[in-house]
Amino acid sequence: MSQTANHKKLVTQLLIGTVAMFGFGFALVPLYDVFCDITGINGKVDLTPGKYLATTASQREIKIQFIAVNNETMPWAFKPTQGSMQIKLGKTYQSSYLAKNLTDKYMVAQAVPSVSPFEAAEYLQKVDCFCFNRQPLEAGEQREMGLTFNVLAGMPAHIKTITLSYTLFDITAASSAALANNQ
Amino acid sequence: MSTTTEQITETSKADTEHHHGPAKGMSRWFFTTNHKDIGTMYLWFSLAMFMTGGCMALMVRAELFQPGLQFIEPDFFNQMTTMHGLIMVFGAVMPAFVGLANWMIPMMIGAPDMALPRLNNWSFWILPFAFSIMLMTLFMDGGGPNFGWTFYAPLSTTFAPPSVTYFIFAVHMMGISSIMGAINVIVTILNMRAPGMIMMKLPLFVWTWLITAFLLILVMPILAGLVTMMLMDIHFSTSFFSAAGGGDPVLFQHIFWFFGHPEVYIMILPAFGIVSEIIPTFARKKLFGYSSMVYATSSIAFLSFIVWAHHMFTVGIPLMGELFFMFATMLIAVPTGVKVFNWVATMFRGSMTFETPMLFSIAFVVLFSIGGFSGLMLAIAPADFQYHDTYFVVAHFHYVLVPGSVFSIMAGVYYWLPKWTGNYYDERMGKIHFWLSFVGINITFFPMHFVGLAGMPRRVPDYALQFADFNAISSVGAFLFGFSQLLFIYNVVSCIRKRNQASNRVWEGSHGLEWTLTSPPPYHSFTTPPKVD
């Protein structure tokens with residue numbers, strides 16, 4: 001019957017639409033990243049260690065503030081060695097953060113950076129950062145974790161202060177699972 | 001049953017292939033592919049869920065009657081608010097509309113049944129299982145979902161009770177059910193119309209349901225994808241919503257509301273359709289501006305896809321984003337205003353009578369508009385920082401959902417009940433039910449505007465002393481509204497039982513194909529297509 005054929009055609013089209021929308025739901029994840037990337041909103045920082053860029057030095061001086069945040073339930077002591085620095089644009093500087101595992105267990109942490117204002121994120125270059133790696137600490141162990149960075153000279157003039165904030169996450173469970181898989 | 005006459009006339013020719021009456025006993029309900037049986041089951045299921053979700057709401061209101069903790073633990077309170085929301089949205093309102101669609105769409109377009117009867121049976125029977133799984137979580141270790149009906153990550157992933165996996169599968173099942181229902185509605189409307197029933201002659205209930213069905217197909221898969229991502233985050237170490245692994249919790253909110261905003265229109269567009277059927281009947285005039293109603297509904301459906309972030313003004317989206325979503329949201333008021341104008345213009349100078357369905361419909365127009373206006377207030381981004389997550393939001397969405405969606409469903413039930421059962425319901429009891437409900441919901445939800453503006457946050461089991469009086473009033477109203485629904489059950493049951501033969505047209509001003517059938521209609525609605533002028 002032609003009616004059955006009509007039904008089949010329409011149902012197929014609608015099912016394709018359903019599956020496509022299910023896929024679109026997942027496609028929103030990268031689309032969202034791309035959108036944030038293009039528009040520069042959300043202050044996301046590129047986590048891949050960038051190549052060292054030759055930068056032109058400038059006489060402009062700005063302040064950079066360091067903030068340490070423990071994610072909820074993260075029991076480590078975590079703080080910057082210096083709260084802020086006066087820096088010149090285009091020059092490379094070093095600083096560090098202190099972390100101490102206060103528990104009696106081996107733990108692994110991951111620091112996730114965030115820059116504000118978000119417009120400054122693309123000018124802040126991390127040459128080396130403890131956030132590039134997982135940070136394992138034995139019970140009671142303490143470590144000074146290094147950070148090498150510079151701020152590109154092209155940064156908009158109205159930015160006088162940059163805040164670099166790190167949030168420390170407990171990833172012990174996830175990384176021990178990954179280790180178990182590797183062995 | 002009513003089908004005997006038809007059975008007699010049909011036996012001679014179709015005896016060997018089909019039997020034209022319902023099967024006997026329980027198997028009628030398990031194996032039925034009949035649109036009326038399935039519609040009936042959807043409506044009873046929805047009523048059961050409405051009562052279940054209502055009991056949860058009353059537990060919440062009992063706890064909030066006074067400041068301090070009286071009856072239930074805060075964690076259980078959170079489970080009650082969460083489950084109340086989930087059950088009312090997915091278990092009460094949506095299945096009720098699908099039930100009405102099942103009953104009315106074939107009768108309104110001159111078709112014998114829905115296009116895909118087996119799929120129809122399946123899409124209903126998934127629901128009781130989905131909701132059993134969902135309700136079961138309340139008795140598990142760690143309790144049921146307690147993260148709000150919007151289940152924002154990481155509250156619903158990292159910090160969720162272990163039962164969250166059951167919640168995820170229940171949502172998957174509801175989604176499958178809704179998508180199958182929507183496919184069935186679209187195929188029925190596009191392929192099964194009687195000759196001459198062109199699109200622009202479709203009754204508005206059918207039109208609004210067609211648009212709703214497309215919305216369902218577009219957004220229910222997004223919800224399914226979202227809960228699948230949650231499932232993977234919880235069990236397979238992905239990091240869609242976890243910042244530690246490079247994900248983003250705000251992404252959850254974007255995806256949720258990309259589903260969620262069309263979802264709120266899924267819950268109101270069929271209501272527009274029902275009211276657009278009822279008001280012309282009792283105003284004894286043609287609906288004012290039929291085609292503008294169709295275009296307004298389509299515009300609302302389109303706009304619903306580009307306003308989602310107005311639910312998340314406070315998460316820190318850039319100024320341009322706030323402005324875009326603010327103005328796009330306000331734009332929705334235009335087609336909605338067209339609809340309200342058309343309903344009022346239909347009533348203007350009509351010879352109106354005020355039977356129960358009409359009372360519910362007029363209350364719908366007035367109270368839904370109030371909900372719409374508070375929605376406009378919430379759309380103002382700078383003001384929203386003050387209103388966000390307060391009882392003002394609770395007042396707003398209950399005004400659009402209770403006297404909006406729920407009243408329209410009740411109006412529809414009273415309107416078509418004589419057609420379905422063949423008996424008139426008791427008009428006086430219907431009116432008592434209406435007035436108690438009307439007074440009850442206003443006492444419940446109107447004071448919430450005030451406590452919300454004064455800063456009372458939502459989803460709290462305890463609150464500051466200055467909110468005590470208004471909360472006590474709200475709780476009294478909630479119990480009045482809740483218990484007056486027992487009258488609704490009484491009215492429906494007595495209408496089914498008491499013989500008070502309804503005429504085929506039922507109402508003096510009724511119009512449309514469904515009223516050309518007998519009351520109650522034959523088991524298969526139109527075995528030969530009717531002529532449509």
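Just so it is clear, the model here is predicted, and its values are computed rather than measured. (Residues numbered from 1 in each chain as written. Chains lettered and ligands numbered in written order. Predicted model: local features only at pLDDT ≥ 70, side-chain atom pairs only at ≥ 80, totals over all residues. Heavy atoms only, no water.)

S.K.: Provide a residue-level description of the overall build of chain B, including the pertinent values.
M.R.: When helices and strands are tallied, chain B shows 17 helices and 0 strands. Rg of the C-alpha trace for chain B: 23 Å, near the compact-globule value of 24 Å for 533 residues, within the 12% margin. Its C-alpha atoms give chain B principal-axis dimensions of roughly 70 × 55 × 45 Å. Going through the 533 residues of chain B one by one, you find that 62% of them count as buried. A fraction of 82% describes how many contacts in chain B between residues 6 or more apart in sequence connect residues 24 or more apart. Split by element, the accessible area of chain B, about 20100 Å² in all, is 70% carbon and sulfur. On chain B, the mean spot of the 23 positive side-chain charges and the mean spot of the 25 negative ones are 15 Å from each other. (Helix = DSSP H or I, 4+ residues; strand = E, 2+ residues; numbered from the N terminus. Rg over C-alpha atoms; globule rule 2.2 N^0.38 Å. Buried < 20%, exposed > 50% of the residue type's maximum accessible area, 1.4 Å probe, protein only. Contact = heavy atoms within 4.5 Å. Areas by Shrake-Rupley, 256 points an atom, 1.4 Å probe, with all protein chains shown as cover. Lys, Arg positive; Asp, Glu negative; His and termini not counted. Charge placed at Lys NZ, Arg CZ, Asp CG, Glu CD.)

S.K.: Before we move on, can you summarise the interface of chain B and chain A with the specific residues and values?
M.R.: Interface size, as often reported, equals the accessible area lost upon joining of the parts. Of the residues lining the interface, 31 residues belong to chain B; the matching set on chain A comes to 24 residues. Carbon and sulfur atoms make up 80% of the area that chain B and chain A hide from each other, which totals about 2400 Å². Here chain B and chain A share 0 salt bridges between them. Viewed at the interface, chain A and chain B are joined by 4 residue pairs in polar contact (both at pLDDT 80 or more). Mapped by element, the contributors of at least two residues to the side of chain B that touches chain A are α6 (164–191), α7 (204–235) and α8 (249–266) of chain B. Ranked by residues supplied to the side of chain B that touches chain A, first place goes to α7 of chain B with 10 residues. (Buried area = accessible area lost by both parts, 1.4 Å probe. Salt bridge = Lys/Arg side-chain N within 4 Å of Asp/Glu carboxyl O. Polar contact = N/O pair within 3.5 Å; in protein donor to acceptor, adjacent residues only side chain to side chain.)

S.K.: Now, about the sheet that holds strand β7 (residues 135–137) of chain A: what can you tell me, with residues and values included?
M.R.: Residues and elements named next belong to chain A. Pairing in this open sheet of 5 strands is mixed, and the strands run β3-β1-β9-β5-β7 from one edge to the other. Pairing within the sheet leaves two strands with one partner each, and these edge strands are β3 (84–88) and β7. Strand after strand, the sheet turns through a mean of 30 degrees between neighbouring axes, direction not considered. Sheet analysis places strand β5 (residues 107–116) next to strand β9 (residues 161–170), joined by 8 bridges and oriented antiparallel. Its bridge partner being in β9, A111 is matched across the sheet by L168. (Pairing = 2+ DSSP bridges. Axes fitted to C-alpha atoms, helices over the stretch in contact; angles between N-to-C directions.)

S.K.: Break down the state of the cysteines for me, with residues and values.
M.R.: All names here are of chain A. Following the criterion strictly, the structure yields 1 disulfide over all chains and no others. Disulfide pairing places C129 opposite C131 at an S-S distance of 2.3 Å. Given an S-S torsion of about 130 degrees, the disulfide between C129 and C131 has right-handed geometry. (Disulfide = S-S within 2.5 Å.)

S.K.: I'd like a description of the side chain of K419 of chain B, backed by residues and values.
M.R.: Residue and element names in this part refer to chain B. Considering the arrangement of structural elements, one finds K419 in helix α15 (residues 391–421). One buried charged residue, K419, remains without a salt bridge, the closest side chain of opposite sign being E514 at 8.2 Å. A distance of 3.1 Å separates polar atoms of two side chains, one belonging to K419 and the other to S519. For K419, the contacting residues outside a window of four places in its chain are M107, N504, V506, E514, W515, L517, T518, S519, P520 and P521.

S.K.: I'd like a description of the confidence of the model for chain B, backed by residues and values.
M.R.: All names here are of chain B. Averaged over all residues, the pLDDT of chain B is 93; the fraction at 70 or higher stands at 96%. Below a pLDDT of 50 lies the segment residues 1–17, which in the model reaches 15 contacts outside its immediate sequence neighbourhood of four places, other chains included. Here the complex is predicted with pTM 0.82, and the ipTM for its interfaces comes to 0.86. (pLDDT = per-residue confidence, 0-100.)

S.K.: Please give an account of the packing of aromatic side chains that cites residues and values.
M.R.: The description of an aromatic ring pair uses the distance of the two centres, along with the angle that the planes make with each other. All names here are of chain B. Under the definition given, this model contains 62 aromatic pairs over all chains. On the basis of an interplanar angle of 65 degrees and a centroid distance of 5.7 Å, the ring pair of Y414 and F488 is categorised as edge-to-face. Taken together, the residues Y414 in helix α15 and F488 in helix α17 (residues 468–497) connect sequence positions 74 residues apart. Under the relative-accessibility criterion, Y414 is labelled buried at 0%. The class for F488 is buried, based on a relative accessible area of 8%. (Phe/Tyr/Trp six-rings, centres within 6.5 Å; stacked < 30°, edge-to-face > 60°.)

S.K.: An account of unusual backbone geometry is needed here, citing residue identities and associated values.
M.R.: Residue and element names in this part refer to chain B. Cis rather than trans, the peptide bond between A153 and P154 has omega equal to 0 degrees. At the junction of S519 and P520, the peptide bond is cis and its omega measures out at -10 degrees in the coordinates. Relative to the helices and strands, P520 resides in the segment after α17. One non-glycine residue with positive phi stands out, namely R284, at about 55 degrees. Considering the arrangement of structural elements, one finds R284 in the loop between α9 (269–283) and α10 (290–303).

S.K.: Which residues make up the pairing of strand β1 (residues 61–70) of chain A, and what values do they have?
M.R.: All names here are of chain A. Here 5 bridges tie β1 to β3, and the two strands are oriented antiparallel to one another. Its bridge partner lying in β3, Q65 is registered against S84. Judged from the 8 bridges that link them, β1 and β9 form a sheet pairing that is parallel. Note on β9: the bridge partner recorded for V69 is T167.

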